[in-house]
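Here is what each chain is made of, one letter per residue.
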Amino acid sequence: MNKQTKKYLSDVRKDIHCKTSLKKAFLSELKGNLLDFEDTHPDADYEQICRSFGIPENVASEFMGSIEVKEIKKAFQWKKVVLIAAVVAILILAIYVVASFIDGHSQMHGTIVENPIVENTYYVNENGEYIFETIN
Amino acid sequence: MGQGQDNFKRGTAEMLLLFLLSKEEMYGYQLMNVLSERSEGRYNILEGTISLLMLKSEEAGFVKSKSVTVGKRRIRKYYSLTEKGEERLQKLLDEYKDTVFGIQMILGSGGEDGE
């Protein structure tokens, strides 16, 4: 496959959004037809390919226009699931990195010492006096 | 090319592709060329439409394909019509003829009834 044909195929691929199996089958079919074209037009440039096969955007939109809406929706739903999973994974990784950093930092610069809790209390004795006590 | 013409072609493409395959087995690029040649350039449909129609027709069992090795390593898919495809073609031809007949009746009337 020559450079022009490769570029054409890649330009069509960019605008195809559907389930992978259908995309793969379509692009394989297109590739076969492009190679047949290449056989009969070995010196064809990009413009000649476009004249015979259509502008890549149009070919892709023609294909997308023929696919049932539910198939496109399904592909986008999968993309959404993958995107959400990626965001969650990034968040978990970020939390892990921050926690590791804090842990490493405290190990390098000494441990954090917690202040003892001091509780003050009082009671009234038999003489009616207030007695204050400190409990550690 | 007008959008109306595009829609018309899209609607009739399946019928024409099945018709061509009922005569002989062909591969995708050949189908594209034959359509253009026989219509003297009046009926050109984009590669995307042909590929998708072939994929869907094969999935539905209207056409079957066989892979033939061309040159050293290349595989070319030849399509041919199945029995189910012949029934589908007949149905599409009947619908097409009926629709065209109806359209001609409307155009032939010259809109006189509507006045």
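Up top is the structure these notes are about.
Below is a summary of the structure that appears in this document.

Thresholds, definitions, all that
- Residues numbered from 1 in each chain as written.
- Chains lettered and ligands numbered in written order.
- Predicted model: local features only at pLDDT ≥ 70, side-chain atom pairs only at ≥ 80, totals over all residues.
- Heavy atoms only, no water.
- Pairing = 2+ DSSP bridges.
- Helix = DSSP H or I, 4+ residues; strand = E, 2+ residues; numbered from the N terminus.
- Buried < 20%, exposed > 50% of the residue type's maximum accessible area, 1.4 Å probe, protein only.
- Contact = heavy atoms within 4.5 Å.
- Buried area = accessible area lost by both parts, 1.4 Å probe.
- Salt bridge = Lys/Arg side-chain N within 4 Å of Asp/Glu carboxyl O.
- Polar contact = N/O pair within 3.5 Å; in protein donor to acceptor, adjacent residues only side chain to side chain.
- Nonpolar A, V, L, I, M, F, W, Y, C, P; charged D, E, K, R; others polar.

Some points on the sheet that holds strand β2 (residues 63-70) of chain B
Residue and element names in this part refer to chain B.
Part 1: Taken in spatial order, the 3 strands make up an open sheet running β1-β3-β2, and their pairing is antiparallel. Here the strands that pair on one side only, and so sit at the sheet edges, are β1 (26-27) and β2.
Part 2: Here β1 pairs with strand β3 (residues 74-81) via 2 bridges, running antiparallel. Its bridge partner being in β3, Met26 is matched across the sheet by Tyr79.

Digging into the side chain of Asp11 of chain A
Part 1: One can find Asp11 of chain A in helix α1 (residues 3-14).
Part 2: Taking the relative accessible area as the measure of exposure, Asp11 of chain A reaches 12% and is therefore buried.

Notes on the interface of chain B and chain A
Part 1: Listed as interface residues are 17 residues of chain B and, on the opposing side, 24 residues of chain A.
Part 2: Together chain B and chain A conceal approximately 1800 Å² of surface at their shared face, both sides included; 58% is due to carbon and sulfur atoms.
Part 3: The residue Arg74 of chain B makes a salt bridge to Asp39 of chain A at a minimum N-O spacing of 2.8 Å.
Part 4: In this assembly, chain B and chain A are joined by 5 residue pairs in polar contact (both at pLDDT 80 or more).
Part 5: For the side of chain B that touches chain A, the secondary-structure elements that each account for two or more residues are α2 (28-38), α3 (47-60) and β3 of chain B.
Part 6: It is α3 of chain B that contributes the most residues to the side of chain B that touches chain A, 7 residues altogether.
Part 7: Residue classes in the side of chain B that touches chain A are distributed as 7 nonpolar, 4 polar and 6 charged.

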